[in-house]
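# Results of the structural survey
Listed below, chain by chain, are the residues.
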Amino acid sequence: MEQHPIELILLRQWASYLDIPVWLMDVHGDLLFYNEPAETILGLRFDEAGRINASQLAETFATTRLDGSPMPAEELPIVAALQTGRPAHGGVRFRAADGTWRQIQVTAFPVDAMGRRHGVVAMFWESAAP
């Protein structure tokens, strides 16, 4: 089992205390953790999620733009932050694992330390329909 950088370990711990949904992935785009508030929105417990990679997010959660048009994975804020190394924000509509369609706002930013990229973290919350 791969040992993750301390920055990601500490972020996971921090996220577990928050009341806002948080998603954490490593530099390869693999899901490392999401917290209990995220479980509620995603309709799936973290320990049941299995392996999810950034390239699979749009398909796994049937993501669309807010207007309902298809949204490829690279347009998701967390994937954009991972690929560009810059913070990203945007609205997303998706089908949760329990079948419920939800609309969220997502803010994602890269986790860099000591000159290295370690991963990316996203915070998200439900938003009102347009």
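If you're wondering where the values come from, they're calculated on a predicted model, not measured in any experiment.

So, how was this worked out
- Residues numbered from 1 in each chain as written.
- Predicted model: local features only at pLDDT ≥ 70, side-chain atom pairs only at ≥ 80, totals over all residues.
- Heavy atoms only, no water.
- Phe/Tyr/Trp six-rings, centres within 6.5 Å; stacked < 30°, edge-to-face > 60°.
- Helix = DSSP H or I, 4+ residues; strand = E, 2+ residues; numbered from the N terminus.
- Buried < 20%, exposed > 50% of the residue type's maximum accessible area, 1.4 Å probe, protein only.
- Lys NZ or Arg CZ within 6 Å of the ring centre and 35° of its normal.
- Salt bridge = Lys/Arg side-chain N within 4 Å of Asp/Glu carboxyl O.

Before going further, it helps to spend a moment on the packing of aromatic side chains. Taken as a whole, this structure holds five aromatic pairs when the rule is applied. When the centroid spacing of 6.4 Å and the interplanar angle of 80° are considered together, the rings of tryptophan 23 and phenylalanine 61 count as edge-to-face. Of this pair, tryptophan 23 sits in strand β1 (residues 22–26) while phenylalanine 61 is found in the loop between α4 (57–60) and α5 (77–84), placing the two residues 38 residues apart along the sequence. When its relative accessible area of 6% is taken as the criterion, phenylalanine 61 is described as buried. Look at phenylalanine 33 and phenylalanine 46: their rings are 5.3 Å apart centre to centre, the planes differ by 65°, and that puts the pair in the edge-to-face class. Of this pair, phenylalanine 33 sits in strand β2 (residues 31–34) while phenylalanine 46 sits in helix α3 (residues 46–49), placing them 13 residues apart in sequence. Since its relative accessible area comes to 10%, phenylalanine 33 is described here as buried. Among the aromatic residues, those joined into a ring-pair cluster are Trp23, Phe33, Tyr34, Phe46, Phe61 and Phe94. A cation over a ring is seen here: arginine 93 above tryptophan 101, with NZ or CZ 4.3 Å from the ring centre.

Now for the environment of leucine 57. Structurally, leucine 57 can be placed in helix α4. Classification of leucine 57 as buried rests on a relative accessible area of 7%. When the C-alpha positions of leucine 57 and glycine 29 are compared, they lie 10.0 Å apart, and in sequence the two are 28 residues distant.

Taken as a whole and assessed by the stated rule, the structure comprises six salt bridges. The closest approach of N and O atoms between glutamate 48 and arginine 45, which form a salt bridge, is 3.9 Å. The salt bridge involving arginine 102 is made with glutamate 126; its shortest N-O contact spans 3.3 Å. You can see arginine 102 sitting in strand β4 (residues 101–113) and its partner glutamate 126 sitting in strand β5 (residues 116–126), a full 24 residues away along the chain. Residue classification places glutamate 126 among the partly exposed residues on the basis of a relative accessible area of 44%. Three or more residues are tied together by salt bridges with common partners; here these are Arg45, Asp47 and Glu48.

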